[in-house]
Amino acid sequence: MNYTTQLDRLDLFLIRWGIAPEHVPWIGALIGSLLVFVVMGLLSKLLNLLLTIGLKRFSTSTRTHFDDHLLHYRVPRYVARIVPLVLSYHLVPIILRDEGTLQYVVLRAFNVFFIVLFIRIVRAFMRAGRDTLKDSPTYRDKPLDSYVQIASLVIYVIAGILIFSQLTGRSALTFLTAMGAASAVLLLIFKDAILGFVASIQISANDMVRPGDWITMPKYGADGDIVEINLTTVKVANWDKTITTIPTYALIAEPLQNWRGMQDSGGRRIKRSILIKVNSIRYLEPQEIKDLERIQILAPFIKERQAEIAKYNEEHQVDATMPVNGRRITNVGMYRKYIDLYLSRHPKIHQDMTRMVRQLPPDEHGLPLEVYCFTNTTDWVPYEGIIGDIFDHLFAASKFFHLVIFELPAADDMRHMVDTVTGSNADHPTR
């Protein structure tokens, strides 16, 4: 016995219950549609339950996380709808045998459902594949989100063309012809997506940035770690806990500072100057030199330098009555050497990287003595602590070299000058 015979019996049943014959076809179609909807819904739920249980059991016996991601993106739920949709599609011509126009519309709607379902299944598989690749160290730093978005965009375009063809009854070629005429508008609409796609390829090929890299882009107020790279935007988690969104193509079009090299090197640079007041720079007296010999790390250097200077002055018959004749030890030179020796013995300074203490050109703020070296850690908090400890010590040690650190006059300096001038005027009231 086929479905047509069953529907004929339903029509007779409705007539016996007093339904007018002219109303029987559409009432029968409505009842049949509701029955099919309920049965297919229950079938979909049952298949979803069976597929989910089966995939969960299968995932426990495999090492890959791909099946776990398929569960996360509800692939069994989408696959379970295929069988009910196919069965319903073949039942439509039977249930709506007397409704030609409605049958045509419903079949078209089913075709659209099939297209949408196919998109969801493919998109879920792509996302699961993306997350699986992210679990691998080889692909963790690649802009996989951009690739998935590009593939999704292509699938959406194809699906849109097919849906347009189903809804209008026209061929896909007609739609493509219309798109060709509107290509300029489409390029303008999808400008960011196209630029982002090209930028993603260049970023991946040249290994410019990766998720997790610390970047700085002052133009966009970005200073932090990259948390996501997708087709159109890059999200940066700044150190102040804010999120900055940057266009993807800006990473190749705008100045960018990537701190990955510093982090990979194992050392972080210190580049900071101590400003010495120029009029405090002078030759050291013999007693002052003897006092500095009590500094253990400096004593061998002082003895070696004194012997070198004495030999030079003797060979050149230098007149010692004038200090500028010949060679002498200066307090700033001795301080510069002390800093270098201090850094060479510091346990937190990377000794295999560049280390020096140099003079920069003097300016209105005095003579800059620049400390240039690298710490043996790249972590921010320990790095700042090392800098603080080093310069605390160097500022305090400058007094033993009879040097004055430059600073602009403060309020107490101004009050002292006023008090000095006032006191002088008091001694000379006629002024």
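What you see is a predicted model, and the numbers here were worked out from it, not measured in a lab.

(A) Spatial organisation of the overall build of the chain. In terms of helices and strands, the chain carries 17 helices and 8 strands. Pairs at least 24 apart in sequence give 64% of the contacts found in the chain among residues at least 6 apart. Of the accessible surface of the chain, which amounts to about 26600 Å², a share of 61% is contributed by carbon and sulfur atoms.

(B) Structural view of the sheet that holds strand β8 (residues 367-375). What the 3 strands build is an open sheet, ordered β6-β8-β7; its pairing is antiparallel. Each end of this open sheet is capped by a strand with a single partner; those strands are β6 (268-276) and β7 (356-359). When strand polarity is set aside, the average angle formed by the axes of neighbouring strands in this sheet is 20°. Sheet topology places β6 next to β8; 9 bridges connect them, and they run antiparallel. Bridge pairing links serine 273 to glutamate 370 in β8. Contacts from helix α16 (residues 380-397) reach β6 and β8 within the one sheet, and its direction differs from that of β6 by about 25°.

(C) View of α16. Taking 1.5 Å per residue, 18 residues should reach 26 Å; α16 reaches 26 Å between its end C-alpha atoms and fits that length. Within the span of α16, buried status applies to Tyr383, Ile386, Ile387, Ile390, Phe391, Leu394 and Ala397. Seen end-on, α16 carries its buried residues on one side only, within an arc spanning 120°. Exposed residues on α16 whose side chains face more than 90 degrees from its buried face are Val381, Asp389 and Asp392. Those residues of α16 that are buried are in contact with β6, α15 (331-344) and β8.

(D) Seen up close, the sheet that holds strand β4 (residues 243-247). With antiparallel pairing, the 5 strands of this open sheet are ordered in space as β4-β3-β2-β1-β5. Since the sheet does not close on itself, it has two edges, and those belong to β4 and β5 (257-258), each with one partner. Where strand β2 (residues 222-229) lies against strand β3 (residues 233-238), 5 bridges are found, and the strand directions are antiparallel. Of the residues in β3, the one forming a bridge with aspartate 225 is alanine 237.

(E) Representation of the pattern of salt bridges in the model. Applying the stated criterion across every chain yields a total of 10 salt bridges. A salt bridge links arginine 130 to aspartate 131, with the shortest nitrogen-to-oxygen separation between them at 3.1 Å. A salt bridge links glutamate 228 to lysine 235; the shortest N-O distance between them is 3.8 Å. Residue glutamate 228 is classed as partly exposed on the basis of its relative accessible area, which comes to 26%. With a relative accessible area of 32%, lysine 235 lands in the partly exposed category. Each of Lys271, Arg358 and Glu370 takes part in salt bridges that share partners, so that together they form one network.

(F) Expanded view of the packing of α15 against α16. Contact pair α15 / α16: the axes reach a minimum separation of 12 Å and the direction vectors enclose 150°. As far as their axial angle goes, α16 and α15 are roughly antiparallel. Along this stretch, α15 crosses α16, giving a crossing that reads as right-handed. Between α15 and α16, the contacting residues are Tyr335, Tyr338, Ile339, Tyr342 and Leu343 on the first element and Asp389, Ile390, His393, Leu394, Phe395 and Ala397 on the second. Taken together, the residues of the contact of α15 with α16 sort by class into 9 nonpolar, 1 polar and 1 charged.

(G) Focus on a positive patch on the surface. Residues Lys45, Arg74, Arg77 and Arg120 make up a contiguous surface patch of positive charge. Here arginine 74 shows up in the loop between α3 (66-72) and α4 (75-79).

(H) Representation of the nonpolar core within the structure. The biggest cluster of nonpolar side chains holds 34 residues, and the ones touching the most others in it are Met334, Tyr335, Leu343, Ile390 and Leu394. Sorting the residues of this core by element identifies β6, α13 (286-292), α14 (299-315), α15, β8 and α16 as the ones contributing at least two each. Take this core: its biggest share by element is 8 residues, from α15. Once residues lying within four places of it in the same chain are set aside, the contact partners of tyrosine 335 are Ile274, Ile276, Leu369, Leu394, Phe395, Ala397, Ser398, Phe401 and Leu403. Within the second largest apolar cluster, 13 residues are counted, among which are Tyr73, Val92, Leu107 and Ile121.

Reading guide: rules and limits
Residues numbered from 1 in each chain as written. Predicted model: local features only at pLDDT ≥ 70, side-chain atom pairs only at ≥ 80, totals over all residues. Heavy atoms only, no water. Helix = DSSP H or I, 4+ residues; strand = E, 2+ residues; numbered from the N terminus. Contact = heavy atoms within 4.5 Å. Areas by Shrake-Rupley, 256 points an atom, 1.4 Å probe, with all protein chains shown as cover. Pairing = 2+ DSSP bridges. Axes fitted to C-alpha atoms, helices over the stretch in contact; angles between N-to-C directions. Expected span 1.5 Å × (residues − 1). Buried < 20%, exposed > 50% of the residue type's maximum accessible area, 1.4 Å probe, protein only. Arc of directions from axis to C-beta. Salt bridge = Lys/Arg side-chain N within 4 Å of Asp/Glu carboxyl O. Parallel < 35°, antiparallel > 145°, perpendicular 65-115°, else oblique. Left-handed = near helix turned anticlockwise from the far one by under 90°. Nonpolar A, V, L, I, M, F, W, Y, C, P; charged D, E, K, R; others polar. Patch = residues over 30% accessible without salt bridge, like charges linked within 9 Å, V, L, I, M, F, W, Y side chains within 5 Å. Lys, Arg positive; Asp, Glu negative; His and termini not counted. Charge placed at Lys NZ, Arg CZ, Asp CG, Glu CD. Core = buried A, V, L, I, M, F, W, Y, C linked by side-chain atoms within 4.5 Å.

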